[in-house]
Amino acid sequence: QLLIEMLGRFASHAVRAAAPAGRRFLSAAAAPRSAKTFFSVAGGATILGLGLAASVPTLAAKEAKADWAKVRQDIAAILDEEAYDDGSIGPVLVRLAWHASGTYDATSKTGGSDGATMRFTPEAGHGANAGLAEARRRLEPIKAKHPEASVSDIWILASIVAIEEMGGPKIPFRAGRTDKNSGEWCTPDGRLPGADGGTKPGTIHHVREIFYRMGLNDQEIVALLGAHALGRCHTDRSGYSGPWTRAPTTFSNEYFRLLTEVKWVKKAWKGPMQYENADGGDLMMLPSDLAIIEDPDFKKWVEVYAKDEKKFFADFSKAYQKLTELGCRNLEGSKGWW
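Residues numbered from 1 in each chain as written. Predicted model: local features only at pLDDT ≥ 70, side-chain atom pairs only at ≥ 80, totals over all residues. Heavy atoms only, no water.

(A) Focus on the side chain of Gln 274. As for its position among the elements, Gln 274 is in the loop between β5 (264-266) and β6 (275-277). Only 2.9 Å separates the side chain of Gln 274 from the backbone oxygen of Ser 241, close enough to count as a polar contact. Beyond its immediate chain neighbours, meaning those up to four positions away, Gln 274 contacts Tyr 240, Ser 241, Val 265, Lys 266, Lys 267, Trp 269, Met 284 and Met 285. (Helix = DSSP H or I, 4+ residues; strand = E, 2+ residues; numbered from the N terminus. Polar contact = N/O pair within 3.5 Å; in protein donor to acceptor, adjacent residues only side chain to side chain. Contact = heavy atoms within 4.5 Å.)

Structural data, given as structure tokens:
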């Protein structure tokens, strides 16, 4: 017993000695690889390869793995909410993941979905994120039920489940994101796309500038904008008002069909400049939506997706996986397709 206790203390000292100055490792899982070689954790401990069993206290329990199939089921179970917008929280969950991911900057390698930094100020208060507290709040019980899953993984998986449950394509999900612990990791305001660049050329330039900063190309930009088939704008959030399609809880290529087939006119109202369908005024488009049919390189993809939903689904799935994995360095499984 004395030998066991001595070896246990030796392993503990080894972890602390291997830690960088000023940093305390609280578990074997957090220790550097050189320190981990002194012991293994699997219910009991094996110290220095001597095979001393479960009677030896371990420095930490083996990290539990989230049961992602159950997480998926629990997310799917909360999507229908009669009192919320059009009866589903699916669209706002997609917006949450999109805005968490769209902060990525390919040059500085900052931002992106890894970290769930929108939990903190100032990012939670950025204008583009208005209303997303509703989505974050609704996912808190999922995190409480599955503490092994990171908040950032839950946000991304929630959007994927929502897209699939609303009739959209299957999108690969790879876990492994970790959560930051303070607002010091928040990205600066202005990294997400705005709806109006002042002029059509200015809006087109703005859209490209934002998405190119992430490392996305014209085809991926148009494919991702197809998510505007879902949800609606709110005057108390973005200032704009209305849905893009008449089926805002169904994922489809309807957004592209409407862009190419409907006549859009400026809406006469006191809010920011937006467009409405001339044949009824029950739908809306943003200046940035109409901009992509003014630019020939964007428009060609709008026309492709308007005619071929299968092609749109395939391209969206790839672009969305890429978007939600930008900046993530420790995801499980093989590397992303790109």
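(B) Up close: the confidence of the model for the protein chain. Per-residue confidence for the protein chain gives a mean pLDDT of 86; residues scoring 70 or more make up 81%. In the model, residues 1-62 has pLDDT below 50 throughout and makes 62 contacts with residues more than four positions away in sequence or in other chains. (pLDDT = per-residue confidence, 0-100.)

(C) View of the pattern of salt bridges. Under the counting rule described, the total for this entry stands at 20 salt bridges. Ionic pairing is found between Lys 170 and Glu 164, a salt bridge with its closest N-O pair at 3.9 Å. In this structure Glu 164 comes out as buried when scored by relative accessible area, which is 16%. Here Glu 220 and Lys 322 are joined by a salt bridge, their closest N and O atoms 3.3 Å apart. Of this pair, Glu 220 sits in helix α8 (residues 218-225) while Lys 322 is found in helix α12 (residues 309-325), placing the two residues 102 residues apart along the sequence. Take Glu 220 and Lys 322: they sit in the same class, and that class is buried. Put simply, Glu 81, Glu 134, Arg 137 and Arg 138 are held in one network by salt bridges that share partners. (Salt bridge = Lys/Arg side-chain N within 4 Å of Asp/Glu carboxyl O. Buried < 20%, exposed > 50% of the residue type's maximum accessible area, 1.4 Å probe, protein only.)

(D) Looking closely at the nonpolar core. Of all hydrophobic cores here, the largest spans 82 residues; its most connected members are Phe 211, Leu 224, Tyr 255, Met 285, Phe 316 and Tyr 320. Among the elements that make up this core, the one with the highest residue count is helix α6 (residues 151-165) (10 residues). (Core = buried A, V, L, I, M, F, W, Y, C linked by side-chain atoms within 4.5 Å.)

(E) A look at the sheet that holds β6. Judged by pairing direction, the sheet is antiparallel, and its 3 strands sit side by side in the order β5-β6-β7 without closing on themselves. Looking along the sheet, the strands with just one partner apiece sit at the ends: β5 and β7 (284-285). Pairing of β6 with β7 involves 2 bridges; the strand directions are antiparallel. The partner of Glu 276 across the bridge, within β7, is Met 284. (Pairing = 2+ DSSP bridges.)

(F) Molecular detail of the environment of Ile 163. Within the fold, Ile 163 resides in helix α6. Ile 163 sits in the buried class, given a relative accessible area of 0%. Sequence separation between Ile 163 and Thr 250 is 87 residues; the distance between their C-alpha atoms is 8.4 Å. The contact partners of Ile 163, leaving out residues within four places of it in the chain, are Val 94, Gly 168, Pro 169, Ile 171, Phe 251, Phe 316 and Tyr 320.

(G) Summary view of helix α7 (residues 200-214). With 15 residues, α7 extends 22 Å between its outermost C-alpha atoms, agreeing within 8% with the 21 Å of an ideal straight helix rising 1.5 Å per residue. When we look at burial in α7, the residues that qualify are Thr 203, Ile 204, His 206, Val 207, Arg 208, Ile 210, Phe 211, Arg 213 and Met 214. On the buried face of α7, the contacting elements are α4 (90-101), α8, α10 (287-291), α11 (296-307) and α12. Immediately downstream of α7, the backbone of Gly 215 shows phi near 100 degrees, a positive value. (Expected span 1.5 Å × (residues − 1).)

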